[in-house]
Amino acid sequence: MTARVIDGTAVARRVREDVARGVEKLLAEGGTAPGLATVLIGEDPASEVYVRNKRRLCVAAGMADHHRHLPGDVDQATVAALLDELAADPAVSGILLQLPTPEHLDSEALIARIPAEKDVDGLTTANAGLLAQGRPGLRPCTPAGVMTLLEEYDVALSGAEAVVVGRSVLVGKPMAQLLLAQNATVTIAHSRTRDLAEVCRRADVLVVAAGIPGLVGADAVKPGATVIDVGIHRGEDGLHGDVEYDAVAEVAGAITPVPGGVGPMTIAMLLANTLTAATVQQGRAS
Ligand code: ADP
């Protein structure tokens, strides 16, 4: 079998177009433009690229860019004060603290200062709790993007066996919760899982977010399964995921490439979350 390739670039473009239309509608109804505050600390080149792309696409969707760049040696109190200022600013609908922050800062304490309704990364304890309880809230962007891909490609989830490889706060845990909310039978595999390949072979839907290049090979994939690769690794010959793409594409029914799969969806969902946050803050239904 040769898998259907899930085109994240195309789906992300559609999501961004929907967001841009949503912004226009909000303005036409007398609302104000959503604003995204990106907070970048230090000079990490990869983080600078990510933040630049987020800001560019935010502006392209008609939203206001409230970027703040702080020096790498900034102290905790200064960052906290900035986050409090953004939290109180009505023009700022969403606050994104770019991670990882420098070692000397307590990033958990910083994230805790972001009001749940402006937490467009879905990382606060409040939003994690709302997700766990199946209540409305802002969802982490990467797993939300995976759900949108599964929906766009009509992947059946109710009653399906879903296996999530990885249990991080950013991806694995919320991913499992979102799949559960769609009535999948969810298994979470992690670094202590015995016989990972056997566990993965159960999956109708396999989401891999372990941060280990090539962790999942064809022996770990049930024929016809949908395989979602969240990993991104920069090698000398380009970007690779956690999945051995060429071999797995021979077995799977559908697969996300790296790049061009999950990656582009993350920023698209950030924009969608920012629009949702603005809509709710302005007292309009979302
Ligand atoms: P991400 O940012 O994609 O969420 P992290 O690097 O923060 O990824 O987390 C890696 C996750 O992958 C952890 O939750 C860990 O339990 C899981 N993991 C690490 N090694 C393995 C492994 N060999 N098999 C399955 N899961 C693993």
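Bear in mind that the values here come from a model prediction, so they are computed numbers and not experimental data.

**Quick notes on the overall build of the protein chain**
No. 1: What the protein chain contains, in helices and strands, is ten helices and twelve strands.
No. 2: The C-alpha radius of gyration computed for the protein chain amounts to 19 Å, which stays within 12% of the reference 19 Å derived for 286 residues, consistent with globular compactness.
No. 3: Residue burial in the protein chain is summarised as follows: out of 286 residues, 49% are buried.
No. 4: Expressed as a percentage of contacts within the protein chain between residues at least 6 apart in sequence, the contacts between residues at least 24 apart total 69%.
No. 5: Across the protein chain, the mean location of the 24 positive side-chain charges is 5 Å away from that of the 35 negative side-chain charges.

**Some words on the environment of Asn53**
No. 1: One can find Asn53 in helix H2 (residues 45-60).
No. 2: Taking relative accessible area as the criterion, Asn53 reaches 24% and is therefore assigned partly exposed.
No. 3: Spatially, the C-alpha atoms of Asn53 and Ala87 are 23 Å apart, while their sequence positions differ by 34 residues.
No. 4: Only 3.0 Å separates the side chain of Asn53 from the side chain of Arg56, close enough to count as a polar contact.

**Here we look at the pattern of salt bridges**
No. 1: Throughout the structure, instances matching the rule amount to seven salt bridges.
No. 2: The partner of Lys25 in a salt bridge is Glu29, and the shortest N-O contact between them spans 3.4 Å.
No. 3: Overall, the relative accessible area of 43% leaves Glu29 in the partly exposed class.
No. 4: When the shortest N-O distance is used, the salt bridge between Arg68 and Glu85 registers 3.1 Å. Separated by 17 residues along the polypeptide, Arg68 in strand S4 (residues 68-70) and Glu85 in helix H3 (residues 76-88) bring together distant segments of the chain.
No. 5: Under the relative-accessibility criterion, Arg68 is labelled partly exposed at 28%.
No. 6: Residue classification places Glu85 among the partly exposed positions, given a relative accessible area of 43%.

**Some words on empty space enclosed by the protein**
No. 1: On inspection of all chains with the given rule, the structure shows one cavity of 30 Å³ or more.
No. 2: Taken as a whole, the largest cavity encloses approximately 40 Å³ of empty space.
No. 3: Around the largest cavity, the lining residues are Ile95, Leu96, Leu97, Ile111, Ile114, Asp119, Asp121 and Leu123.
No. 4: Ranked by residues supplied to the lining of the largest cavity, first place goes to strand S5 (residues 94-97) with three residues.

**Regarding the side chain of Thr38**
No. 1: Here Thr38 is to be found in strand S2 (residues 35-41).
No. 2: In this structure Thr38 comes out as buried when scored by relative accessible area, which is 0%.
No. 3: Leave out the neighbours within four places in its chain, and Thr38 touches Val51, Arg55, Asp65, His66, His67, Arg68 and Leu96.

**Remarks on the pairing of strand S9 (residues 226-229)**
No. 1: Residues Thr226 and Ile228 point to one face of S9 and Val227 and Asp229 to the other, with burial holding for every one of them.
No. 2: As judged from the four bridges shared by strand S8 (residues 205-208) and S9, these two strands associate in the parallel manner. If you follow Val208 over to S9, its bridge partner there is Asp229.
No. 3: Pairing of S9 with strand S12 (residues 254-255) involves two bridges; the strand directions are parallel. From the neighbouring strand, Thr226 faces S12, where its bridge partner is Ala254.

**Let's talk about the domain arrangement of the protein chain**
No. 1: According to the domain assignment, the protein chain consists of domain 1 (31-115) and domain 2 (140-262).
No. 2: When each unit is reduced to the centre of its C-alpha atoms, the spacing between domain 1 and domain 2 is 29 Å.

**Brief notes about the nonpolar core**
No. 1: Counting 51 residues, the largest nonpolar core has Val19, Val146, Leu150, Leu179, Val207, Ile228 and Val230 as the members making the most contacts within it.
No. 2: Mapped by element, the contributors of at least two residues to this core are helix H1 (8-28), H2, helix H6 (141-152), strand S6 (161-165), helix H7 (172-181), S8 and helix H10 (263-281).
No. 3: Element by element, the count of residues in this core is highest for H10, at ten residues.
No. 4: Residue-level mapping places this core at the junction of two domains, with at least three residues from each of domain 1 (31-115) and domain 2 (140-262).
No. 5: Ignoring sequence-local partners within four residues, the contact set of Val230 consists of Thr142, Val146, Val171, Val207, Val208, Ala209 and Val262.
No. 6: Core analysis: the next-biggest nonpolar cluster, separate from the first, contains 22 residues, Ala3, Val163, Ala203 and Val227 among them.

**Quick look at the site of the ligand**
No. 1: The full set of residues close to the ligand is Val165, Gly166, Arg167, Ser168, Val171, His190, Ser191, Leu196, Ala209, Ala210, Ile212 and Leu215.
No. 2: Separating an oxygen atom of the ligand from a backbone N or O atom of Arg167 is a distance of 2.6 Å.
No. 3: Taking Ala210, its main chain carries an N or O atom lying 3.5 Å from an oxygen atom of the ligand.
No. 4: Considered on its own, the ligand offers 580 Å² of accessible surface; in the complex 68% of this is hidden by protein.
No. 5: Among the residues forming the shell around the ligand, the class breakdown is seven nonpolar, four polar and one charged.

About the criteria used
- Residues numbered from 1 in each chain as written.
- Predicted model: local features only at pLDDT ≥ 70, side-chain atom pairs only at ≥ 80, totals over all residues.
- Heavy atoms only, no water.
- Helix = DSSP H or I, 4+ residues; strand = E, 2+ residues; numbered from the N terminus.
- Rg over C-alpha atoms; globule rule 2.2 N^0.38 Å.
- Buried < 20%, exposed > 50% of the residue type's maximum accessible area, 1.4 Å probe, protein only.
- Contact = heavy atoms within 4.5 Å.
- Lys, Arg positive; Asp, Glu negative; His and termini not counted.
- Charge placed at Lys NZ, Arg CZ, Asp CG, Glu CD.
- Polar contact = N/O pair within 3.5 Å; in protein donor to acceptor, adjacent residues only side chain to side chain.
- Salt bridge = Lys/Arg side-chain N within 4 Å of Asp/Glu carboxyl O.
- 1 Å grid on protein atoms, 1.4 Å probe; cavity = no way out; pocket = protein on both sides within 12 Å on 5 of 7 lines; lining within 4 Å.
- Points joined across faces, edges and corners; volume = space filled by probe spheres on them.
- Pairing = 2+ DSSP bridges.
- Domains from an automatic or database assignment.
- Core = buried A, V, L, I, M, F, W, Y, C linked by side-chain atoms within 4.5 Å.
- Near = heavy atom within 4 Å.
- Areas by Shrake-Rupley, 256 points an atom, 1.4 Å probe, with all protein chains shown as cover.
- Nonpolar A, V, L, I, M, F, W, Y, C, P; charged D, E, K, R; others polar.

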